[in-house]
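Overview (structure and organization)
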Amino acid sequence: MKPFNFRCVRYLALTAGLFLMTSLLTTTAYSETYIGGQFGMALPSIGGGLKKIETTSQFLAGTTHSDLELASSAMVGGKIGHYFSGARWFGLEAEFFATSPHIDQQVHTFANPAVSCPASSCSGTLQGAHFRVATLAPLNFMFRYPNARLQPYIGFGPGLFFARISGESTGTPGSTASTSNNGVLGFNGKVGAEYYFTKHVTAFLEGKYNYARFNFKENSDLYPFPYGFKTTYSMFLMSFGLAIHF
């Protein structure tokens, strides 16, 4: 299977460098720069999974599909951010995380004016496929309550989402893949709380919501998705982690 190789790693390194430069220029006795790791779960049963599927291949134009159920999956990532001395309740944060909420085996229904079915729509068993998503959120606007050990916060901003679907090739060994074009712009939002064990060490727990619209190109060798299609990615994630504050 081909490695999961996305350009967002380069973007993440550039974003981290910019945050470090910003923190060095603005650090005072009350400002905070932090870096942390995060782990958790993607929960498509709450977020919705893959919705509003539209076929883009010409020979299947006009086809409507049922939503695709995704499996729960582990997620892993990191974050870097800075709260400002002039307004300790406000900060900026960049984060990166990846998850693999694979497409479950399921009964899938679709309807096309050119296809005759016994009922109003056709259905069949979808064997499932590998599905991976990497998210780079380069600019989260963060708002917190700064005057206690336990500090609730909310954050939101744009996200750059990279998606890949892969499955067994028909009649050939290995796998092929369809990748959404170079990442798509979407939304990343979060709400959580952070606890200060010391001035420099914290633990946090947060829920995230991700929204994006993917456009997968046609790939005649890819089973079970040989046709091009657009779909809405709607995902809820829970994450926890540790951070070091400077």
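Residues numbered from 1 in each chain as written. Predicted model: local features only at pLDDT ≥ 70, side-chain atom pairs only at ≥ 80, totals over all residues. Heavy atoms only, no water.

1. Examining the overall build of the protein chain
Going by this rule: A run of DSSP states H or I qualifies as a helix once it reaches four residues; a run of E qualifies as a strand once it reaches two. Both are numbered from the N-terminal end. For every residue, the accessible area obtained with a 1.4 Å probe (protein chains only) is divided by the maximum for its type, and the residue is called buried under 20%, exposed over 50%, and partly exposed between those limits. Only the protein chains shown count as cover for residues, and the accessible areas themselves come from Shrake-Rupley with a 1.4 Å probe.
In terms of helices and strands, the protein chain carries 2 helices and 13 strands. Looking at the protein chain residue by residue over its 246 residues, the buried ones come to 46%. When the accessible surface of the protein chain is totalled, it reaches about 12200 Å², and 64% of it is carbon and sulfur.

2. Some thoughts on the packing of aromatic side chains
Note the following rule: Think of it this way: a Phe, Tyr or Trp ring, Trp meaning its six-membered ring, pairs with another when their centres are within 6.5 Å, and the plane angle makes it stacked under 30 degrees, edge-to-face over 60, tilted otherwise. A ring is considered to have a charge above it if a Lys NZ or an Arg CZ atom is located within 6 Å of its centre and within 35 degrees of its normal.
The tally for this structure, following the rule as stated, stands at 14 aromatic pairs. Ring pairs connect the aromatic residues Phe84, Trp89, Phe90, Phe141, Phe143 and Phe156, which therefore count as one cluster. One Lys or Arg, Lys79, reaches over the ring of Phe204 and ends 3.9 Å from the middle of that ring. Above the ring of Tyr83, the side-chain terminus of Arg144 is found at 3.8 Å from the ring centroid.

3. Side note on the environment of Gly78
Note the following rule: Note on definitions: a residue-residue contact is assigned when non-hydrogen atoms from the two residues lie within 4.5 Å.
Within the secondary structure, Gly78 sits in strand 4 (residues 73-83). For the pair Gly78 and Glu95, spaced 17 residues apart in sequence, the C-alpha to C-alpha distance is 5.7 Å. Here Gly78 is in contact with Gly36, Gly37, Gln38, Ala94, Glu95 and Phe96, once residues within four sequence places are set aside.

4. Here's the deal with the confidence of the model for the protein chain
It should be kept in mind that the predicted coordinates are not to be read in detail where pLDDT is low. Here is the rule we go by: Each residue carries a pLDDT score, the predictor's confidence in it, ranging from 0 to 100.
Put simply, the protein chain has an average pLDDT of 82, and 74% of its residues get 70 or more. The low-confidence segment residues 23-29 (pLDDT under 50) makes 5 contacts with residues lying over four places distant or belonging to another chain.

5. A short note on a nonpolar patch on the surface
Counted only if it meets this: Patch construction takes residues with relative accessible area above 30% that form no salt bridge. Like charges are linked within 9 Å, and nonpolar side chains (Val, Leu, Ile, Met, Phe, Trp, Tyr) are linked within 5 Å. The salt bridge definition used is simple: a Lys or Arg side-chain nitrogen within 4 Å of an Asp or Glu carboxyl oxygen.
Taken together, the side chains of Ile35, Leu150, Tyr195, Phe197, Val201, Leu242, Ile244 and Phe246 present a nonpolar region at the surface, about 770 Å² in accessible area. For Ile35, the location among the structural elements is in strand 1 (residues 32-42). Overall, Ile35 belongs to the partly exposed group, its relative accessible area being 44%.

6. What to know about the side chain of Thr33
Our working rule: Pairing of N or O atoms within 3.5 Å defines a polar contact, subject to two protein rules: one partner must be a possible hydrogen donor and the other a possible acceptor, and residues neighboring in sequence count only if both atoms are side-chain atoms.
Tracing the backbone shows Thr33 in strand 1. In this structure Thr33 comes out as buried when scored by relative accessible area, which is 7%. Within polar-contact distance, the side chain of Thr33 engages the side chain of His82 at 2.6 Å.

7. Notes on unusual backbone geometry
Where the residue is not glycine, phi is negative for most of them; where a peptide bond is considered, it is trans in most cases. The phi dihedral of Lys52 falls on the positive side, at around 50 degrees, and the residue is not glycine. Looking at the secondary structure, you find Lys52 in strand 2 (residues 49-55).

8. What about the environment of Thr56?
Relative to the assigned elements, Thr56 resides in the loop between strand 2 and strand 3 (64-65). Accessibility expressed as a relative area gives 38% for Thr56, which makes it partly exposed. Separated by 159 residues in the primary sequence, Thr56 and Asn215 place their C-alpha atoms 8.6 Å from one another. Discounting residues that sit within four places of it in the chain, Thr56 has contacts with Asn215, Phe216, Gly228, Phe229 and Lys230.

9. So, the pattern of salt bridges
Following the criterion strictly, the structure yields 9 salt bridges and no others. The salt bridge involving Glu32 is made with Arg144; its shortest N-O contact spans 2.9 Å. Linking Glu32 in strand 1 with Arg144 in strand 8 (residues 130-144), this pair joins segments that are 112 residues apart in sequence. For Glu32, a relative accessible area of 10% translates into the label buried. For Arg144, a relative accessible area of 8% translates into the label buried. For Lys79, the salt bridge goes to Glu93, with nearest N and O atoms at 3.7 Å. With Lys79 in strand 4 and Glu93 in strand 5 (residues 90-99), this residue pair connects regions lying 14 residues apart in the sequence. Assessed through its relative accessible area of 6%, Lys79 is described here as buried. Given the relative accessible area of 1%, Glu93 is considered buried.

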